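# Per-entry structural report
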Amino acid sequence: MNKFYITTAIAYTSQKPHIGNSYEIVLTDAIARFRRMQGHDVFFLTGTDEHGQKIEEKAKNAGVSPKEYVDKVAGEIREICDILNTSYDKFIRTTDDYHEAVVQKIFKKLYEQGDIYKSEYSGHYCVPCESFFTETQLVDGKCPDCGREVSQTSEEAYFLRLSKYQKQLEDYIETNPDFIYPESRKKEMVNNFLKPGLQDLCVSRTSFRWGVPVSFDEKHVIYVWIDALSNYITALGYSPEGSGELYKKYWPADVHIIGKDIIRFHTIYWPIILLALGEPLPKQVYGHPWVLCGNDKMSKSTGNVIYADDLVNRFGVDAIRYYLLSEIPFAQDGGLTYEMIIERYNSDLANNLGNLVNRTVAMVNKYFGGTLPCNTCEGEFDDDLKQAVLAVLPAVEKAFDSLHICDAAEAVINAAKRCNKYIDETLPWVLAKDEANNDRLSTVLYNLIESIRIIAVLLSPFIPDTSREILSQINSDITSYDSLKCFGVIPVGSSVGEAKPLFSRLDAEKVLAEINEELQKKAKEREKKEIPGIAQIGIEDFAKLDLRVAKIVDCQTVKKAKKLLQLTLDDGSGKPRTVASGIAAWYKPEDIIGKSVIVVANLKSAVLCGIESQGMILAGDCAEDDVKVVFVENMPEGTKIR
RNA sequence: CGCGGAGUGGAGCAGCUGGAAGCUCGUCGGGCUCAUAACCCGGAGGUCAGAGGUUCAAAUCCUCUCUCCGCAACCA
């Protein structure tokens, strides 16, 4: 029995995850379940990533301790994993004490062997930016962000020597072509990071406290990614001082399932940490695509967020699992709308699969009282059916091997389709009219029941509850992997149960109307809540802003930046002021030259794509993809706004 | 010229190691009645983004152009 270690990325506990975040665990679960079915000894890990500045801030805003905050969100996340019926073997939290202890040991080991070093001799700190840079990050010896002088001693931090392991990592990627998967992601990593040469990574922070402290230097907190990535081995009982049995058995991971946005951490930093620890590298990292809301990215500000638990309450777990697993492509982002869910639910689950099981079981009951007497009277369509049904397993195997999970789902559903066709070919209701055809009729129904059994078992990685329900209706408990490889293992004479619809058809219009009504209700509630929360600063805070009217005297596009326009402003001071603004998507230079805007005149300057930006101009986020600059009329340059 | 990907019938996608354009949904017509107005068959609908090129033959290879998306940089 081969071991199979599979993981999701651990979910960040800054807020409740939406359906796009939840896609990952469902995808991983399907793979884990399939491998178990094949007889692999599977260990399936998921969990939560709970440290970091963002969480510290969120907790502060919510008026609770970071731990309290994280306990709540981690609870929600785990609940969603359970609602989605995922079969994880372990749920790790980065606040678990054993994890924190091992992370400290890992950090210490890397420090002691010189792979992590204190930055004193190469430290460059930019005071205004509160940022820390390595020698190589400096631009002409100055801060790459603001271009000012940096000082040597103001801040110390620890760095991981990435460059030392670059060659080894490149070799590994070379000799394991499927390590970074899919291929296009590999190219991104190689071309954007490896080829230009890796820069040492800052792996400690002193600007906040919510993290794992460096054991030998307590004012430093370990960088969240070092902390988070280590979960894959701490969960198994890894320790630099000697690892436990689980680790020896399951590491290296067979595949890390992660979102495409964090490929870099998993294919560059993580392997290098492992190389430095002297541990084997994961065999594969699959960066899956995203679930989009229609064509848009799901985001809270747009208000188009959809949560897994809401969907499950409305449509059922298996409907949602099936949707995610069958609709989201292998490498391209997939869409999710209520319309699409209903469409797929009706066509695949209700009409095709559900109806097949229902009509077949009903016929067995109707014509034979639930017990088939014979399966030996073969006819002309039988071989074709058997061949088609037996061909599904190899197709599913192939799809899982290449992580094309939606293709696997499609292959199984197509088998159900083939069965529906077989019913029309063999016309059981015609056979039933003449008792002389009883044997043939029994054989036809037997072939259908056996096909349904195979389909049901193959559906178990995708829709486990439904799979069990189907098997219960046909009254079969033969579910072994080998039993999928030959046709006809259900014994003649066994009886079926009652025919109950698996998925009742949805009336799209009705369901959509209901959903709209609820969404509107929620939107109203939200409006009410948000307004009282605004008055949180005093007049003295506002007075810190120096807002002034300025006229745009020149404007140019910026070569290297898609989003930036470089504005030259007359703010009444007599000196031209340069401001870079991220409005290129909505404004062309000629549209705005000569107009007047409001500029935040006392904002500290910053360098963006090589331009020193001295302030910012005010603009409104009207919608997710619509920004409008605040133009003013009839006010002279330099007018103070308050 | 930073890197990578995508543009295929109304919608969503496959095909892309060159050899008569496919799948699902929708739509139209027919069949059937065991079943959840479900199922089965058939039709209509595409100059495979555009322009060149290689080839006996290109959606599939090469070049250029246009449009979208992602990564990187970055939205002050």
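Provided above is the structure to which this section pertains.
Just so you know, these numbers come straight off a predicted model, no measurement behind them.

### Considerations on the overall build of chain A
Assigned secondary structure in chain A consists of 22 helices and 27 strands. The buried share among the 642 residues of chain A stands at 51%. Looking at chain A alone, contacts between residues at least 24 apart form 74% of all its contacts between residues at least 6 apart.

### What about the nonpolar core?
Generally speaking, a soluble globular protein has its nonpolar side chains buried in company with each other. One finds Ile-6, Ile-31, Phe-315, Ile-320, Leu-353 and Phe-462 to be the most contacted residues of the largest nonpolar core, which totals 109 residues. Other than its neighbours up to four places away in sequence, Ile-6 contacts Thr-28, Ile-31, Ala-32, Val-42, Phe-43, Phe-44, Leu-45, Val-255 and Ile-257. If you look at the next biggest cluster of nonpolar residues, it comprises 59 residues, including Tyr-172, Tyr-223, Ile-226 and Leu-274.

### Comments concerning the protein's contact with RNA strand B
Around RNA strand B lies a shell of 47 residues, among which Asn-355, Arg-359, Phe-503, Leu-603 and Gly-615 are the nearest. Considering RNA strand B, the proportion of its atoms within 4 Å of the protein that are sugar or phosphate atoms stands at 71%. Separating a phosphate oxygen of RNA strand B from a side-chain N or O atom of Arg-505 is a distance of 2.9 Å. When residues of the surface near RNA strand B are traced back to their parent elements, those giving at least two are helix H6 (183-194), helix H13 (338-368), helix H16 (405-426), strand S19 (576-581) and strand S21 (606-608).

### Quick word on the sheet that holds strand S8 (residues 158-160)
Taken together, the three strands give an open sheet; going across it, the order is S5-S8-S10, and neighbouring strands pair in antiparallel fashion. Each edge of the open sheet carries a strand with a single partner, namely strand S5 (116-118) and strand S10 (201-202). Summarising the sheet, S5 and S8 pair through three bridges and their orientation is antiparallel. Within S8, the position partnered with Ile-116 by the bridge is Leu-160. Against the sheet, helix H4 (residues 97-112) makes contact with S5 and S8, and its axis sits at roughly 75 degrees relative to S5, the strand it touches most.

### What about the packing of aromatic side chains?
This structure, assessed with the given rule, holds 25 aromatic pairs. Seen from their ring centres, Phe-34 and Tyr-481 are 6.2 Å apart, and the 75 degrees between their planes marks the pair as edge-to-face. Of the two residues, Phe-34 sits in helix H1 (residues 19-37) while Tyr-481 sits in the loop between helix H19 (464-473) and helix H20 (508-530), which places them 447 residues apart along the sequence. Tyr-481 matches Phe-34 in its accessibility class, with the two residues each being buried.

### Topic: unusual backbone geometry
With omega at 0 degrees, the peptide bond leading from Tyr-181 into Pro-182 counts as cis. Examined against the element boundaries, Pro-182 turns out to sit in the loop between strand S9 (180-181) and H6. Cis rather than trans, the peptide bond between Trp-251 and Pro-252 has omega equal to 5 degrees. Relative to the elements of secondary structure, Pro-252 occurs in the loop between helix H9 (245-250) and strand S13 (255-259). In the Ramachandran plot, Asn-634 falls in the positive-phi region, its phi being about 60 degrees despite a non-glycine side chain. Among the residues examined, Asn-634 registers a relative accessible area of 78% and is labelled exposed.

### Side note on the packing of helix H12 (residues 317-327) against H19
How two helices pack is summed up by the angle between their axes together with the distance between the axes. As a packed pair, H12 and H19 sit with axes 8 Å apart at the nearest point and diverge in direction by 120 degrees. Packed against H12, whose contacting residues are Val-317, Asp-318 and Arg-321, the element H19 presents Pro-464, Asp-465 and Thr-466 at the interface. Of the residues belonging to the contact of H12 with H19, the class tally is two nonpolar, one polar and three charged.

### A look at the side chain of Thr-443
For Thr-443, the location among the structural elements is in helix H18 (residues 438-459). Non-local contacts of Thr-443, meaning those with residues more than four positions away in its chain, are made with Cys-374, Asn-375, Thr-376, Cys-377, Glu-378 and Asp-382.

### Quick notes on a nonpolar patch on the surface
There is a patch of nonpolar side chains on the surface, built from Leu-427, Trp-429 and Val-430 and spanning about 240 Å² of accessible area. Its location among the elements puts Leu-427 in the loop between H16 and helix H17 (428-431).

### Considering the side chain of Glu-50
For Glu-50, the location among the structural elements is in the loop between strand S3 (41-49) and helix H2 (53-62). Take Glu-50: its relative accessible area is 0%, and that puts it in the buried class. Among all residues touching Glu-50, those that are not within four sequence positions of it are Thr-13, Ile-55, Val-70, Ala-74, Arg-93, Thr-94, Thr-95 and Trp-210.

About the cut-offs
Residues numbered from 1 in each chain as written. Chains lettered and ligands numbered in written order. Predicted model: local features only at pLDDT ≥ 70, side-chain atom pairs only at ≥ 80, totals over all residues. Heavy atoms only, no water. Helix = DSSP H or I, 4+ residues; strand = E, 2+ residues; numbered from the N terminus. Buried < 20%, exposed > 50% of the residue type's maximum accessible area, 1.4 Å probe, protein only. Contact = heavy atoms within 4.5 Å. Core = buried A, V, L, I, M, F, W, Y, C linked by side-chain atoms within 4.5 Å. Near = heavy atom within 4 Å. Polar contact = N/O pair within 3.5 Å; in protein donor to acceptor, adjacent residues only side chain to side chain. Pairing = 2+ DSSP bridges. Axes fitted to C-alpha atoms, helices over the stretch in contact; angles between N-to-C directions. Phe/Tyr/Trp six-rings, centres within 6.5 Å; stacked < 30°, edge-to-face > 60°. Nonpolar A, V, L, I, M, F, W, Y, C, P; charged D, E, K, R; others polar. Patch = residues over 30% accessible without salt bridge, like charges linked within 9 Å, V, L, I, M, F, W, Y side chains within 5 Å. Areas by Shrake-Rupley, 256 points an atom, 1.4 Å probe, with all protein chains shown as cover. Salt bridge = Lys/Arg side-chain N within 4 Å of Asp/Glu carboxyl O.

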